[in-house]
Amino acid sequence: MHIVRYRRGQDGTPGVGVRDDGVVRELPVPSVAALLRERVADLRALLGAPGDVVEDARLLAPVDGATEVWAAGVTYLRSREARMEESSEADIYGRVYEAARPELFFKSAAWRVVVDGEPVAIRADSGLDVPEPELALVVNRFGEIAGYLVCNDMSSRAIEGENPLYLPQAKVYAGACALSAGIRPVWEVNGADLAVAVRVTRDGVAVWSGTTSTARLKRPFAELVDYLFRADHFPDGAVLSTGTGLAPAMDFTLQPADVVTIAIDGIGELTNPVVVGKEHFEHQRPGIEVESRP
Ligand code: DO4
Ligand code: MG
């Protein structure tokens, strides 16, 4: 089962539902944010009694309201190695990999997230760009892990490599954050040992692929969530991407029209074509699905 946001094909009305065996059934809530204001036990009860079938659901990005997407970095050995190769300041990546405090950074507001099938972007001012295939935790406002998503943390290696202080520019720009369409509830899958696979195709030919497992993640999920919630409130919950365990060699860079596919066992698949520049995202607008909280 997956929690989904959708738009009805006929009248375009947005809704929230559960998807099982390809069939979407509606839930009596206005947003995914509303679900993330519930404790996991209450969420489970709510999902157990869905309503009518939605015949013509077009799936949307699985986040809305004030839910923020954050990401962890250098949580796998491969990521530590890759940063040390690309960076003018290799030492800091080795230190953060060993440190008690993880690297966490803001990645996206909900309204900027793209979903399966939509384009992801490389920046027009970057020359070395990669997808980062990651398992993302969906965390409710109480700091409980409620489910999982597939995340592509698109990144400019050129910009981050030039100076680590450029990290926000390397990581946060139009089309940089893609999430799979459905949230897999936490009680249905063990996120700690899942196969993660990535494939980039160019003109139909695979130009980079790789596999890893979430078992190689250096830090427990609970530790990452604990640091995120230490000094801030997330009234509509948060998505916390857990970092990449897959990075290509330095001679690989994404190109426009490449297609990136990320699959995580039991969670879902995320496929996005690559475009260059912010022009492709002018239709994105904040606030449309943001509702007032009680
Ligand atoms: O330190 C830069 C970011 C690392 C990252 O995004 C990752 O390891 O996934
Ligand atoms: Mg990453």
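Quick summary incoming for the structure in this document. (Residues numbered from 1 in each chain as written. Chains lettered and ligands numbered in written order. Predicted model: local features only at pLDDT ≥ 70, side-chain atom pairs only at ≥ 80, totals over all residues. Heavy atoms only, no water.)

### Notes on the packing of aromatic side chains
Under the convention used in this document: When two rings of Phe, Tyr or Trp (its six-membered ring) have centres within 6.5 Å they constitute a pair, described as stacked for plane angles under 30 degrees, edge-to-face for angles over 60, and tilted for the intermediate range. Helix and strand assignments come from DSSP, with helices taken as H or I runs of at least 4 residues and strands as E runs of at least 2, each series counted from the N terminus. Throughout, exposure labels follow a simple rule: accessible area from a 1.4 Å probe, protein chains only, divided by the maximum for the residue type, with under 20% read as buried, over 50% as exposed, and the rest as partly exposed. For a lysine, the NZ atom is tested; for an arginine, the CZ atom; a charge sits over a ring if that atom is within 6 Å of the ring centre and within 35 degrees of the ring normal.
The final tally for this structure, using the stated rule, is 5 aromatic pairs. Considering the side-chain rings of Trp-70 and Phe-234, the 6.3 Å spacing of their centres and the 85 degrees angle between planes classify their relative orientation as edge-to-face. Of the two residues, Trp-70 sits in strand E6 (residues 68–73) while Phe-234 sits in the loop between helix H7 (221–229) and strand E18 (238–241), which places them 164 residues apart along the sequence. Aromatic pair Trp-208 and Phe-252: ring centres 5.9 Å apart, planes at 40 degrees, arrangement tilted. Placement of the pair is Trp-208 in strand E17 (residues 205–213) and Phe-252 in the loop between E18 and strand E19 (259–264), with a sequence separation of 44 residues. No difference in accessibility class separates Trp-208 from Phe-252, as the two residues are buried. Of the aromatic side chains, those joined through ring pairs into one cluster are Trp-70, Phe-106, Phe-229 and Phe-234. Between Arg-39 and the ring centre of Phe-142, over which it is positioned, the NZ or CZ distance is 4.0 Å. Of note, Lys-218 hangs over the ring of Tyr-97, and the distance from its end group to the ring centre comes to 5.0 Å.

### Description of the layout of surface pockets
Condition: For cavity detection a 1 Å grid was placed over the protein atoms alone, and a set of points counts as a cavity when a 1.4 Å probe fits there but cannot get out; an open set counts as a pocket when protein lies on both sides within 12 Å along at least five of seven lines, with lining residues being those that have an atom within 4 Å of a point. Grid points are joined across faces, edges and corners, and a volume is the space filled by probe spheres set on the points. Residue classes follow a fixed rule: Ala, Val, Leu, Ile, Met, Phe, Trp, Tyr, Cys and Pro count as nonpolar, while Asp, Glu, Lys and Arg count as charged, and any other residue, Gly among them, counts as polar.
A volume near 220 Å³ is recorded for the second largest pocket. Together, 14 residues line the second largest pocket, and His-2, Arg-19, Leu-59, Ala-181 and Gly-182 are the ones closest to its centre. Those elements that place two or more of their residues in the lining of the second largest pocket are strand E1 (2–8), strand E2 (14–20) and strand E20 (268–276). Residue composition of the lining of the second largest pocket, by class: 4 nonpolar, 5 polar and 5 charged.

### What to know about the site of ligand 1
Using the following cut-off: Proximity is defined per residue: any heavy atom of the residue falling within 4 Å of a molecule or strand makes that residue near it. Pairs of N or O atoms within 3.5 Å make up the polar contacts considered here, provided that, within protein, one atom can donate a hydrogen while the other can accept it, and that residues adjacent in sequence are counted only when both atoms are side-chain atoms. Here the open area of atoms and residues is found with the Shrake-Rupley method and a 1.4 Å probe, where only the protein chains shown may cover a residue. Think of it this way: if more than half of a molecule's atoms are within 2 Å of a pocket's grid points, that molecule is in the pocket or cavity.
Surrounding ligand 1, one finds 16 residues, the nearest of these being Val-74, Ser-79, Glu-103, Lys-171 and Thr-244. Side-chain polar atom of Asp-153 to an oxygen atom of ligand 1: 3.0 Å apart, as the coordinates give it. When ligand 1 sits alone it has 280 Å² of accessible area, and the protein chains cover 99% of it. Its atoms largely coinciding with the cavity grid, ligand 1 occupies the largest cavity. Those elements that place two or more of their residues in the shell around ligand 1 are E6, helix H3 (77–86), strand E7 (103–109) and helix H6 (167–171). Broken down by class, the residue content of the shell around ligand 1 amounts to 5 nonpolar, 4 polar and 7 charged.

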